[in-house]
Amino acid sequence: MSELQRRLVHASGSLVPLGYLAGAAPWSAVKGLLVVSALVATVLEVLRLGVGLDWAIYDRLTREYEQDNPAGYALYTYSMAAVGFVFAPPVAAAGMLMLAIGDPISGLMASRGVGEVKQVTTLVVMFGVCLVLAVGTFVVEGMGLGVSTLTAGVVGAAGATLADGIKPVVVGYVIDDNLSIPPVACAGMWLVLVALS
């Protein structure tokens, strides 16, 4: 699978928060879909890592460092489900979009190895895309365009950019940005909105 195809699969996750923002599905339906996705990913990962099921699609969708660890697609579903249940819909949807749209754009611009930092231009683009996604989400949700929403957008975008820019290794385990982008971004936005409300 080409890198572009991998990124398009990644971006398909944006349909979940976009469906909610477009009024096509209530937040309860989004949460239900997130739970189902996380459960399916868990079953697939147990089969892959525990039983040794080796489908060809795993070779296409997983990276080398994921061969013996939970794969990025599973971490993607877990992080989306986590923020979907922990944070209010506007904050959660913004964080989900940062992962589903911001991360693939950043990834197409430049990939990096484990422990390496992305180039400044890539980080600036990631920050800009995430800021637009956050502020756009807040406006669509009727929160308006003010100091609190702009500041929350800046802090959330900065958190997502930091999580995207660095893939640290902790005790031999790679902290994948599929796992870190939504919670880091959402926590930052939530703190700002609470502080400025």
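Residues numbered from 1 in each chain as written. Predicted model: local features only at pLDDT ≥ 70, side-chain atom pairs only at ≥ 80, totals over all residues. Heavy atoms only, no water.

Peer 1: Honestly, the nonpolar core in this entry has me stumped. Any pointers?
Peer 2: If you look at soluble globular proteins, the nonpolar side chains tend to sit buried side by side. Ranked by internal contacts, the top residues of the largest apolar core, which has 37 residues, are Met98 and Met189. Secondary-structure elements contributing two or more residues to this core are α2 (15–21), α3 (27–51), α5 (72–86), α6 (89–109), α7 (120–140), α8 (147–165) and α9 (177–196). No other element matches the nine residues that α6 contributes to this core. Not counting residues within four places of it along the chain, the set of residues in contact with Met189 comprises Val91, Ala94, Gly95, Met98, Ala134, Phe138, Ala152 and Gly156. (Core = buried A, V, L, I, M, F, W, Y, C linked by side-chain atoms within 4.5 Å. Buried < 20%, exposed > 50% of the residue type's maximum accessible area, 1.4 Å probe, protein only. Helix = DSSP H or I, 4+ residues; strand = E, 2+ residues; numbered from the N terminus. Contact = heavy atoms within 4.5 Å.)

Peer 1: Looking at this structure, I do not really get the packing of α6 against α9. What am I missing?
Peer 2: In helix packing, the relevant descriptors are the interaxial angle and the interaxial distance, both defined with respect to the helix axes. At a minimum axis separation of 8 Å, α6 and α9 run at an interaxial angle of 140°. Along this stretch, α6 crosses α9, giving a crossing that reads as right-handed. On α9, the residues touching Val91, Ala92, Ala94, Gly95, Met98, Leu99 and Asp103 of α6 are Asp177, Asn178, Ile181, Pro182, Ala185, Cys186, Met189, Trp190 and Leu193. Here the residues of the contact of α6 with α9 sort into twelve nonpolar, two polar and two charged. (Axes fitted to C-alpha atoms, helices over the stretch in contact; angles between N-to-C directions. Left-handed = near helix turned anticlockwise from the far one by under 90°. Nonpolar A, V, L, I, M, F, W, Y, C, P; charged D, E, K, R; others polar.)

Peer 1: Is there a simple way to think about the environment of Asp177 in this case?
Peer 2: Tracing the backbone through its elements, the reader meets Asp177 in helix α9. Taking the C-alpha atoms as reference, Asp177 lies 8.7 Å from Ala160; in sequence the two are 17 residues apart.

Coordinates in, geometry out; function isn't part of it.
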